[in-house]
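# Chains, contacts and geometry: an overview
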Amino acid sequence: MAFTTIEWVGGLDGCARMIDQTRLPGEEVYIECRTAEEVFDAIRRLQVRGAPAIGIAAAMGLILGAREAAGGGTPAFLARVREVAARLNAARPTAVNLGWALRRMTTLAESLRDRSATEALARLLTEARAIRDEDARMCREIGRHGAALLRDGDGVLTHCNAGALAAAEYGTALAVIRAAAERGTRLKVYADETRPLLQGARLTAWELMQSGIDVTLICDNMAGWLMRLGRVQRVVVGADRIAANGDTANKIGTYSVALLAREHGIPFYVAAPSSTFDLSLSDGQGIPIEERQPDEVTCAFGRRTAPEGVKVFNPAFDVTPARLIAAIVTERGVIERPDAAAIRAHFA
Ligand code: MRU
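This is a predicted model, so every value here is computed, not measured.

Our focus in this paragraph is the sheet that holds strand β9 (residues 248-251). Read across the sheet, four strands follow the order β11-β8-β9-β14 without closing on themselves; strand pairing throughout is mixed. On the outer flanks of this sheet lie β11 (277-278) and β14 (317-320), each paired with one strand and no other. With two bridges connecting them, strand β8 (residues 241-243) and β11 associate as parallel partners. Bridging from a neighbouring strand, Ala-243 pairs with Asp-278 of β11. Along the sheet, helix α9 (residues 254-263) makes contact with β9 and β14, crossing β14 at roughly 35 degrees.

Now for the site of the ligand. Neighbouring the ligand are 16 residues; Arg-49, Arg-92, Asp-240, Asn-250 and Lys-251 lie closest to it. Between Arg-49 and the ligand, the recorded distance is 2.6 Å, taken from a side-chain N or O atom to an oxygen atom. Taking 410 Å² as the accessible area of the ligand by itself, protein coverage stands at 99%. The set of elements that each furnish at least two residues to the shell around the ligand consists of α2 (51-66) and β9. Class assignment for the residues of the shell around the ligand results in seven nonpolar, five polar and four charged. Two domains each provide a minimum of three residues to the shell around the ligand, namely domain 1 (6-140) and domain 2 (146-347).

Core analysis: the biggest nonpolar cluster contains 50 residues, and Met-18, Cys-33, Ile-43, Leu-62, Ile-63, Phe-77 and Met-105 have the highest contact counts within it. Of all the secondary structure elements, the ones that give two or more residues to this core are β1 (6-9), β2 (15-19), β3 (30-33), α1 (36-44), α2, α3 (74-89), α4 (96-111) and α5 (117-146). When residues in this core are grouped by element, the largest group, twelve residues, is from α2. Apart from the residues within four sequence positions on either side, Leu-62 is in contact with Val-81, Val-84, Ala-85, Leu-88, Leu-102 and Met-105. Of all hydrophobic cores here, the second largest spans 27 residues; its members include Ala-147, Val-156, Leu-187 and Leu-208.

About the cut-offs
- Residues numbered from 1 in each chain as written.
- Predicted model: local features only at pLDDT ≥ 70, side-chain atom pairs only at ≥ 80, totals over all residues.
- Heavy atoms only, no water.
- Pairing = 2+ DSSP bridges.
- Helix = DSSP H or I, 4+ residues; strand = E, 2+ residues; numbered from the N terminus.
- Contact = heavy atoms within 4.5 Å.
- Axes fitted to C-alpha atoms, helices over the stretch in contact; angles between N-to-C directions.
- Near = heavy atom within 4 Å.
- Polar contact = N/O pair within 3.5 Å; in protein donor to acceptor, adjacent residues only side chain to side chain.
- Areas by Shrake-Rupley, 256 points an atom, 1.4 Å probe, with all protein chains shown as cover.
- Nonpolar A, V, L, I, M, F, W, Y, C, P; charged D, E, K, R; others polar.
- Domains from an automatic or database assignment.
- Core = buried A, V, L, I, M, F, W, Y, C linked by side-chain atoms within 4.5 Å.
- Buried < 20%, exposed > 50% of the residue type's maximum accessible area, 1.4 Å probe, protein only.

Written out as structure tokens, the structure is:
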């Protein structure tokens, strides 16, 4: 890739470096976070975004926060680890990868209670790097398993950005597209612009153009007509949290696209690593949906586009019921017609 979504730079005194996604596509600027609070802000402000990427960022943020207590004894160090994990976990509620990565880090820290804080910190850094590297491998595997779902000549609609910018590299939904394209499958990708924050227009369009993949941008409200015109044969999206029965939270607007796909007889696919599954939730009803600031809706194109004082509802995600999903692609393979039994079998 011509860019690096997120990486740890240096040793224990290093920092988390990430491309600032709020500045794309206009500027390719990297930010360096040196405190957990800076990582918290970067996640909150969507400088780093996408479910797997915020999990990686949180793991690195934990190192930054914990190292401030590395000079003290183990109890103080562990207390600091717990405190920083709780803070980072509150940055965004919907993507389960955040809590998943933080749990993995805190569980490791607790298991190292008989080691010095410096030693534990070094192990935690190795773990954060492993979380990043594993995600990169899972994305490649998702692509490998999902590529066969796309056929030569297909028009493929995607929503938001589930690409390399949303993960360690390569992406999830876009991994399926990338892998198919690498095999020589000719595709015409349509990217929903994805209001309010335009991840499709700003990020997916940019990322696919960088990779030389044919991409056409549409406004969100054009998807139904595009399908009616026969230009879409497949839909592939990412996920922020998948419940045990396959109900899938993803960027607001995904549910509408799934309904449109059903009406037009178009297979609707979800691509996500196992770290995006929340098997503690029996269905999508329990998935917390982030609500964001009204100004994301009342301001667009760099100016105010709605009257002062208007009431706003701004959920950042919605939940697509499993019955609308033809298959979920993970690093382990493809779950056809996902339901509780199929998902249990997949992870057995
Ligand atoms: O608010 P965002 O930009 O973090 O939302 C991202 C999405 O909804 C993605 O589709 C999802 O995280 C999957 S990323 C591989």
